[in-house]
Amino acid sequence: SQELEQSPQSLIVQEGKNLTINCTSSKTLYGLYWYKQKYGEGLIFLMMLQKGGEEKSHEKITAKLDEKKQQSSLHITASQPSHAGTYLCGADTAGGATNKLIFGTGTLLAVQP
Amino acid sequence: DGGITQSPKYLFRKEGQNVTLSCEQNLNHDAMYWYRQDPGQGLRLIYYSQIVNDFQKGDIAEGYSVSREKKESFPLTVTSAQKNPTAFYLCASSIWKPEANTGELFFGEGSRLTVL
């Protein structure tokens, strides 16, 4: 079974609309990472969350980690075509020193002008 | 500029042939990783290495081999024993930040392998 569940799998929004992507685990998340990927390219690091209740923002993207450290959300405000791509959450569920991350299956975002 | 370079970007292989994917980083990172990405399955860890001359199997190591002779390089060989090698392969590296007990992965641009 997938240890990290992402929802929705895909999303189409009108430009200017807000949207939220969720990432859920049955295990404690010692480090939660959000990445963005354009088709056929590598992953671009967006943000990392570590503490329960932590929230970080960069430009119009805000990521939160819940108090139990089992769920994270990525919120985009006033979406733009440049936000289109696949968003993946990655997490360290072992809490050890290897930094082995597991990843969700991704959320494909399309933004219609 | 510092970063991770993967080559080739596209590779075609006949069944029964071994192929080696290159991954080079100039970020001075200790740890390096190979992931495989398939549609609908996200990224799965093949092998990882925390220091030179040492590497560990990930979740799907069967049919793959790696070496870590230099800190900068972590090549991946896809052998003929890999049953379904057609995929997008991503190399990553990280620096360990002991004070934070974690460190983000930096990814290369990927290599797409197609078996004909």
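Reading the values: the criteria
- Residues numbered from 1 in each chain as written.
- Chains lettered and ligands numbered in written order.
- Predicted model: local features only at pLDDT ≥ 70, side-chain atom pairs only at ≥ 80, totals over all residues.
- Heavy atoms only, no water.
- Helix = DSSP H or I, 4+ residues; strand = E, 2+ residues; numbered from the N terminus.
- Rg over C-alpha atoms; globule rule 2.2 N^0.38 Å.
- Buried < 20%, exposed > 50% of the residue type's maximum accessible area, 1.4 Å probe, protein only.
- Contact = heavy atoms within 4.5 Å.
- Areas by Shrake-Rupley, 256 points an atom, 1.4 Å probe, with all protein chains shown as cover.
- Buried area = accessible area lost by both parts, 1.4 Å probe.
- Salt bridge = Lys/Arg side-chain N within 4 Å of Asp/Glu carboxyl O.
- Polar contact = N/O pair within 3.5 Å; in protein donor to acceptor, adjacent residues only side chain to side chain.
- Nonpolar A, V, L, I, M, F, W, Y, C, P; charged D, E, K, R; others polar.
- Phe/Tyr/Trp six-rings, centres within 6.5 Å; stacked < 30°, edge-to-face > 60°.
- Lys NZ or Arg CZ within 6 Å of the ring centre and 35° of its normal.

A. Main features of the overall build of chain A. Broken down by element type, chain A carries zero helices and eleven strands. Listed N to C, the secondary structure of chain A is β-β-β-β-β-β-β-β-β-β-β in terms of helices and strands. A compact globule built from 113 residues would reach a C-alpha radius of gyration of about 13 Å, and chain A, at 13 Å, matches this within 12%. Based on the C-alpha atoms only, the size of chain A along its principal axes is roughly 45 × 30 × 20 Å. Every one of the 113 residues in chain A was classed for burial, and the buried ones make up 44%. Considering only contacts in chain A between residues 6 or more positions apart, those separated by 24 or more positions represent 55%. Working note: accessible area of chain A is about 5500 Å², and carbon and sulfur atoms make up 48% of it.

B. Main features of the interface of chain A and chain B. Listed per partner, the contact involves 22 residues of chain A and 25 residues of chain B. Taking both sides of the interface into account, the surface hidden between chain A and chain B amounts to around 2000 Å²; carbon and sulfur atoms contribute 51%. Our count for the chain A to chain B interface comes out at zero salt bridges. Where chain A meets chain B, there are four residue pairs in polar contact (both at pLDDT 80 or more). Broken down by secondary-structure element, the contributors of at least two residues to the side of chain A that touches chain B are β4 (31-37) and β5 (43-49) of chain A. A class-by-class count of the residues in the side of chain A that touches chain B yields ten nonpolar, ten polar and two charged.

C. Highlighting the packing of aromatic side chains. Scanning the model with the defined rule gives ten aromatic pairs over all chains in all. Ring centres of A:Y35 and B:F107 lie 5.4 Å apart, and the angle between their planes is 85°; on these two criteria the pair is classed as edge-to-face. A residue pair is termed interchain when its members come from two chains, as with A:Y35 in strand β4 and B:F107 in strand β10 (residues 106-107). For the pair shown, A:Y35 and B:F107 are each scored as buried. Note that B:R68 overlies the ring of B:F74, its terminal NZ or CZ placed 6.0 Å from the centroid.

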